[in-house]
Amino acid sequence: MSKMQKNSRLRTVKAVVASLGVAAAMVVAGNVPAAFAVHDETFQLDGDVSASTTTNVGGTTQAIDWSTLFGSTGNELALPSGYTASVFSKDFNTNANGSFNTSDATTYTTGSKDTLPISGWQCTASNNVNSKIDVMNSYATAYTAPNGHQLLYFALERNTNSGDANVAFWFLQDQVACNDNGSTATFSGQHRDGDLLIVSAFTNGGAVSTVDVYRWNGGANGTLGTTPVAHGVDCKTTAAGDTGCATVNTGTITTPWPTANFKDGVGHSLRIAEFYEGGLDLTANNLGGKCFNTFTGDTRSSQSLTATLFDYSLGNLGECTSTTVTTPNVTTQEIPASGTLSVTDSALITVTGIQTFSATLKFFICGPTALDATGSCTTGGDQIGTTQAITTGGTYPSTAASITEVGRYCWRAEFSGDSTAGVPASKDDSTGECFTVTPRQSGLDTQAGASPVDFGNAVTDTATLSNTANHQGSGGVGTDGSINPATAGGKAGGTITFTLYKDDCTTVATGTGSNPQTVNVSGDSVYGPVSFTPDAPGTYHWKATYTGDAPNTLGSSHNGSCTDTKEDVVVRQIPTEISTAQKAFPNDSATITSSVAGNNLPSNGTVIFRLYDTLANCQAGGDTVNSGGLLYKETKTGVGGTHTTTVGTANTSVAVDSNTTVYWTATYATGDTAHTGRASVCTENTQFTFTNDSGPGTLFP
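This structure is a prediction, so every number in the text was calculated from the model and none was measured.

The rules behind the values
- Residues numbered from 1 in each chain as written.
- Predicted model: local features only at pLDDT ≥ 70, side-chain atom pairs only at ≥ 80, totals over all residues.
- Heavy atoms only, no water.
- Buried < 20%, exposed > 50% of the residue type's maximum accessible area, 1.4 Å probe, protein only.
- Helix = DSSP H or I, 4+ residues; strand = E, 2+ residues; numbered from the N terminus.
- Pairing = 2+ DSSP bridges.
- Phe/Tyr/Trp six-rings, centres within 6.5 Å; stacked < 30°, edge-to-face > 60°.
- Lys NZ or Arg CZ within 6 Å of the ring centre and 35° of its normal.
- Contact = heavy atoms within 4.5 Å.
- Polar contact = N/O pair within 3.5 Å; in protein donor to acceptor, adjacent residues only side chain to side chain.
- Disulfide = S-S within 2.5 Å.
- Salt bridge = Lys/Arg side-chain N within 4 Å of Asp/Glu carboxyl O.
- Axes fitted to C-alpha atoms, helices over the stretch in contact; angles between N-to-C directions.
- Core = buried A, V, L, I, M, F, W, Y, C linked by side-chain atoms within 4.5 Å.

(A) Geometry of the pairing of strand β31 (residues 407-415). In terms of residue burial, β31 counts as a mostly covered element, since eight of its nine residues are buried. Note that strand β26 (residues 359-369) and β31 share seven bridges and pair antiparallel. If you follow cysteine 366 over to β31, its bridge partner there is cysteine 410. Here β31 runs beside strand β33 (residues 434-438); their pairing, made up of four bridges, is antiparallel.

(B) Summary view of the packing of aromatic side chains. A full pass over the atoms with the stated rule returns 30 aromatic pairs. With centroids separated by 5.8 Å and ring planes inclined at 55°, the aromatic side chains of phenylalanine 70 and tyrosine 139 adopt a geometry described as tilted. In this pair, phenylalanine 70 sits in the loop between α3 (66-69) and β3 (83-90) while tyrosine 139 sits in strand β8 (residues 135-144), placing the two residues 69 residues apart along the sequence. The exposure class assigned to phenylalanine 70 is buried, which follows from its relative accessible area of 1%. Aromatic pair phenylalanine 88 and tryptophan 257: ring centres 5.3 Å apart, planes at 75°, arrangement edge-to-face. One end of the pair, phenylalanine 88, is in strand β3; the other, tryptophan 257, is in strand β17 (residues 253-261), and 169 residues separate them in sequence. Considered together, phenylalanine 88 and tryptophan 257 belong to a single accessibility category, that of buried residues. One aromatic cluster is present, formed by Phe43, Trp66, Phe70, Tyr83, Phe88, Tyr139, Tyr143, Tyr153 and Trp257 through successive ring pairs. A cation over a ring is seen here: lysine 90 above phenylalanine 92, with NZ or CZ 4.2 Å from the ring centre. The cationic tip of arginine 412 hangs over the ring face of phenylalanine 364; the distance from NZ or CZ to the ring centre is 4.4 Å.

(C) Main features of the environment of glutamate 634. Relative to the helices and strands, glutamate 634 resides in strand β48 (residues 630-639). With 32 residues separating them along the chain, glutamate 634 and alanine 666 place their C-alpha atoms 9.6 Å apart. Glutamate 634 has contacts with Val607, Ile608, Phe609, Gly648, Thr649, Ala650 and Asn651, leaving out every residue within four places of it along the chain. For glutamate 634, the side chain forms a polar contact with the side chain of tyrosine 632, separated by 2.4 Å.

(D) The arrangement of the sheet that holds strand β35 (residues 443-448) in detail. Taken together, the four strands give an open sheet; going across it, the order is β35-β37-β41-β39, and neighbouring strands pair in antiparallel fashion. Each edge of the open sheet carries a strand with a single partner, namely β35 and β39 (511-512).

(E) Layout of the state of the cysteines. Following the criterion strictly, the structure yields seven disulfides and no others. Covalently, cysteine 235 is tied to cysteine 245 through a disulfide, its sulfur atoms 2.0 Å apart. The S-S bond linking cysteine 235 to cysteine 245 shows a torsion near 95°; that makes this disulfide right-handed. Pair noted here: cysteine 235 is in the loop between β15 (230-234) and β16 (244-248) and cysteine 245 is in strand β16, with a separation of ten residues, a long-range link. As far as burial versus exposure is concerned, cysteine 235 and cysteine 245 are alike and both buried.

(F) Focus on unusual backbone geometry. Following glycine 367, the chain continues into proline 368 via a peptide bond in cis, with omega recorded as 0°. In this fold, proline 368 is placed in strand β26. In the segment running from glycine 695 into proline 696, the intervening peptide bond is cis, with an omega of 0°. Checked against the element boundaries, proline 696 lands in the segment after β51 (678-688). Of note in this structure, cysteine 505 is not a glycine but carries a positive phi near 70°.

(G) Spotlight on the pattern of salt bridges. All chains considered together, the criterion is met by 15 salt bridges. Note that glutamate 414 is salt-bridged to arginine 412, the shortest N-O span being 2.8 Å. Taking relative accessible area as the criterion, glutamate 414 reaches 27% and is therefore assigned partly exposed. A salt bridge links lysine 427 to aspartate 429; the nearest nitrogen and oxygen atoms lie 3.2 Å apart. The structure contains a network of salt bridges with shared partners spanning Asp114, Asp298 and Arg300.

(H) Inspection of the sheet that holds strand β25 (residues 345-352) at higher detail. Taken in spatial order, the three strands make up an open sheet running β22-β25-β29, and their pairing is antiparallel. What marks the edges here is a single partner per strand, and that holds for β22 (321-328) and β29 (394-397). Across the sheet, the mean angle separating the axes of adjacent strands is 20° when strand polarity is ignored.

(I) Quick peek at the pairing of strand β46 (residues 589-593). Across the two faces of β46 the burial differs, with Ala590 and Ile592 buried and Ser589, Thr591 and Thr593 not buried at all. Looking at chain direction, β46 and strand β49 (residues 644-648) are connected through five bridges and run antiparallel. Counterpart to serine 589 in the pairing with β49 is glycine 648.

(J) Quick peek at the side chain of threonine 296. Following the sequence through the fold, threonine 296 ends up in strand β20 (residues 294-300). On the basis of relative accessibility, which here comes to 0%, the residue threonine 296 falls in the buried class. Among all residues touching threonine 296, those that are not within four sequence positions of it are Tyr108, Ala168, Phe169, Trp170, Ser313 and Leu314.

(K) Quick peek at the nonpolar core. In this structure, Leu361, Ile403, Phe415, Val423 and Phe435 are the most contacted members of the largest nonpolar core, which totals 31 residues. For this core, the elements supplying multiple residues, two or more each, are β24 (341-343), β25, β26, β30 (401-403), β31 and β33. One finds Phe154, Ala165, Leu196 and Leu282 within the second-largest nonpolar core, a separate group that totals 29 residues.

(L) Expanded view of the environment of threonine 227. By secondary structure assignment, the location of threonine 227 is in the loop between β14 (223-224) and β15. Separated by 15 residues in sequence, threonine 227 and aspartate 212 have C-alpha atoms that sit 9.0 Å apart. Sequence-distant contacts of threonine 227, defined by excluding residues within four places in its chain, comprise Val213 and Tyr214.

As structure tokens, this is what we get:
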């Protein structure tokens, strides 16, 4: 029968109230949205795997089937829109020649029951599984409808259609597995509240009699509810708008992937009632809001919850996944002058398979470590900010952290997941979460004092320090308490060393004082002046070096090659000047002669010389030295005894040092009455004109 023929048998009227109590679940804010059935969405529940035979249920064409989801080897294909996860689990072996092998590594041991916690389930390998209970392949997919409903679709292939069959499917939120390693083993993982068991029976004639859904209540050691939480029948007999149904193939079907059946062997065909598929609308049955990550399809002795479990096929559905991708606000940045850098992280939380959940997000930071360190913040560190409650995916920023020290830092963001809903945890502790804070390069500029200076005087230098950063704080978190410190760091410390060099730029100058000289630093400021007195004239050069203040501020230096002329100073020789100033000591002489030939002058004559500063004073004839203009007076006695005689002054005390004219008088007293006395009155004068050198002269030699 073709799908179009089968569609004619299906009622197209949507049920207002489905058999599984969907009405209450679909009332939102007083509105009743259109009901959607599990087999009138986009997926075909028609008893085959081929998407090419489309169906039309409830007025909607279903164009997707298992062949849309899986390829020729059972490989997962790209998911169509709305489908969030899929899994294909192959569960049969072949011999070297390609024929069917009856061994199976995944069968339940006796005693494994659905009612037990997962820790009570055991698996073992079997060399010869009965064909009726032997699972060939099982597969499942998760779908979110446009109206937000979560749906699960599931399928199972068995090796033979002899007799009626009972199958079940577990949808588990935890990661569940069993590795028998050739012997009996216990399943790993555990139940979570809301795990679902779907139990169904079908006939070898190709009809599904019942579909019952049971809920696991409580956690790992909870219990399986004994009353079905949802119920369905054969999809071929239920109307559109149903919330759960299943069906089997009513004729031989072809699969794109390898399968096997008892009569045909390994190939691509399944005979009637060897293929089973079903679907469940979780939201409509108030079972939504969970993430099912593990899927098992099994065969069993009956529909009883305590039935004996036979073969199983298990796969990782991974309906819900979570990713945490973080982006720090800085990658590499120089530490500010304040010594404090505010950094944040941002986490993009992406959760598939569920829209809302209850989870937490924490941000941690590790560091500081060395700038050339590697690795990331995989564990440890310090939590920044409080734990954030997360209910939906999105981008969430961290609280800002104050970084006060140079180094390498790494963030880590931890998303808790929601174990109740089956959302797995995730984190980002990659090296992309790391960033570096680099030191600040200080600046140093210097200026020598006035130049030249005379030998014996000091030369000076002054430094201007800039672009420093405060040093790290303390009392916070991080490897040394520098993150979010309780006490802020002070201004940059360190020292500046001033050194005066001789003109060759390598020889340290000698002299009076300290050279080099060191001054302590407290942040950006002007330091100095420092002074030093060289012991020789010449050209000198100042150099200055700042130590820096590790780790936040790098050191610096200035004029290391003596090329900055602002740092040159000259100590010159002490200069001299020469000037001349002349002076003269005026002297006079007088010659006295008797007018009678052969007559000698008396021997007791007296000659008095007087020197005046002006003609008027000379004519006035004052006789007191230093009064009335009389500059000098000298008396000569015992003059005479010969016909003629000459006497003169011996002035060495009264000098003339400026341009002037002085006047002399000389008187002669004979000392007897036979001769007459004589006087030279103000006629004699001396005119002085000086030309001196006022300096400073020229260098000599």
